[in-house]
Amino acid sequence: MINQDTVELIPIDGAAERVRQEMETAMSGSPSSVREYMRYLSGSHGKFIRALSVLSCADNGEGFVPPDAVRFAAAVEILHLATLVHDDVIDDADLRRGAVTLQKKYGKHSAVVCGDYLFCLALRQVSLVENRKDYLDLEFPDYMGRVCLGELYETQNHFNFDLTVSRYLRIIDGKTAALFEASFFAGALVSRQPKKELKKYKKLGRYAGMIFQLTDDCIDFEAPEQLAQKPVQSDYEQGVVTLPLIFTFHQDASCKKKAEEHCLTQSEIDSAVRREGGLRYTHGISEKYYNKSLKILAALDASQKKKDRLKSILDKAFRGLQPESHSSFAALSCAPAEK
């Protein structure tokens, strides 16, 4: 086991850039057959909310994180990138984060293989952590399995207009919340939290993921494509029945019948979701998870500055595309301008 007293700690304010460097090193070191694709994907990083979750939870209370936090964070982001590549193939998406998707530029077959390769790269990255006990305790492959099964369950329920709220919440618990839970758990592990605290971090991460996905469901109806930097109003077209629609169909049987008959237009969907309160209902469920998260956060044995960072992540998940309400998230995620 690694002696934590001899580990050179990293200032948390510069750790996000270390994660980017770690990812770039891992992806640029790929075999020549996939290097061009990896190079293309290396410029498509988002806001690093999952990596920032790892780093924030790994804070030792004095503004420092161990190197293993960077390795875990890079693995989580690479895994997330893999899921996005596969999502774009499934959805036949042209844009992701304002750029042409890998599948659009290089073709579906190449994109699928690259997504598979990224899964392998994430596993390799997480295996590089120096503390082997943390590697084993995280059970990263199990989280990967939960993510994949969540995606599969979503696919199996495409165009299922009888999908229930509880069933849908179970789907996103795997599809999205599992990776957030893994992020919070990984950070807490490397910061040497006791078992009782680890459970709090895992639950906090799971709730953050639920909040993030429910907010994203609303973005599909609320945000213009230029702001979202991805296709919007596309979930229904792909057969994905999200919570705003589930609630709307429950409230308006005629709307559901038209959907089943494949004669419901996008404008009719938008109108119905707003009229029946689908967005209001979804935001309300998200707020319940948010309030539960705040209670867990208040009970954490952590410094106020660490709690502020974690609250910033929760706020980001809850508010989606709205401007940052707390400076610590922006400070932690800032990095030099891309070349």
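Rules used in this analysis
- Residues numbered from 1 in each chain as written.
- Predicted model: local features only at pLDDT ≥ 70, side-chain atom pairs only at ≥ 80, totals over all residues.
- Heavy atoms only, no water.
- Helix = DSSP H or I, 4+ residues; strand = E, 2+ residues; numbered from the N terminus.
- Buried < 20%, exposed > 50% of the residue type's maximum accessible area, 1.4 Å probe, protein only.
- Contact = heavy atoms within 4.5 Å.
- Axes fitted to C-alpha atoms, helices over the stretch in contact; angles between N-to-C directions.
- Parallel < 35°, antiparallel > 145°, perpendicular 65-115°, else oblique.
- Nonpolar A, V, L, I, M, F, W, Y, C, P; charged D, E, K, R; others polar.
- pLDDT = per-residue confidence, 0-100.
- Salt bridge = Lys/Arg side-chain N within 4 Å of Asp/Glu carboxyl O.

1. Observations concerning unusual backbone geometry
Next, step 1: Even without being glycine, E139 reaches a positive phi, approximately 55 degrees.
Next, step 2: Assignment of secondary structure puts E139 in the loop between α7 (132-138) and α8 (140-156).

2. Observations regarding the side chain of D252
Next, step 1: Secondary-structure assignment places D252 in the loop between α12 (243-251) and α13 (253-260).
Next, step 2: For D252, a relative accessible area of 12% corresponds to the buried category.
Next, step 3: Here D252 is in contact with R275 and E276, once residues within four sequence places are set aside.

3. Considerations on the packing of helix α10 (residues 195-222) against α12
Next, step 1: At their nearest, the axes of α10 and α12 sit 8 Å apart, and the two run at 75 degrees to each other. In terms of axis orientation, α10 runs roughly perpendicular to α12. Only L243, P244 and L245 of α12 make contact with α10, whose side of the interface consists of L214, D217 and F221.
Next, step 2: Tallied by class, the residues present in the contact of α10 with α12 amount to 5 nonpolar, no polar and 1 charged.

4. Quick look at the confidence of the model for the protein chain
Next, step 1: Chain-level statistics for the protein chain give a pLDDT mean of 90 and a share of 88% at 70 or above.
Next, step 2: Contacts for the low-pLDDT stretch residues 334-339, under 50 throughout, to residues beyond four places or in other chains number 4 contacts.

5. Quick word on the pattern of salt bridges
Next, step 1: For the coordinates displayed, the defined rule picks out 21 salt bridges.
Next, step 2: D68 is the salt-bridge partner of R71, the closest N and O atoms lying 2.6 Å from each other. Within this pair, R71 and its partner D68 are both found in helix α4 (residues 67-91), separated by 3 residues, close to a single helical turn. Assigned by exposure class, R71 and D68 land together as buried.
Next, step 3: Across the pair K256 and D162 runs a salt bridge whose closest N-O atoms are separated by 2.3 Å. With K256 in helix α13 and D162 in the loop between α8 and α9 (165-190), this residue pair connects regions lying 94 residues apart in the sequence.
Next, step 4: Each of the salt bridges in this network shares a partner with another, and the network as a whole consists of R146, D173, E181 and R206.

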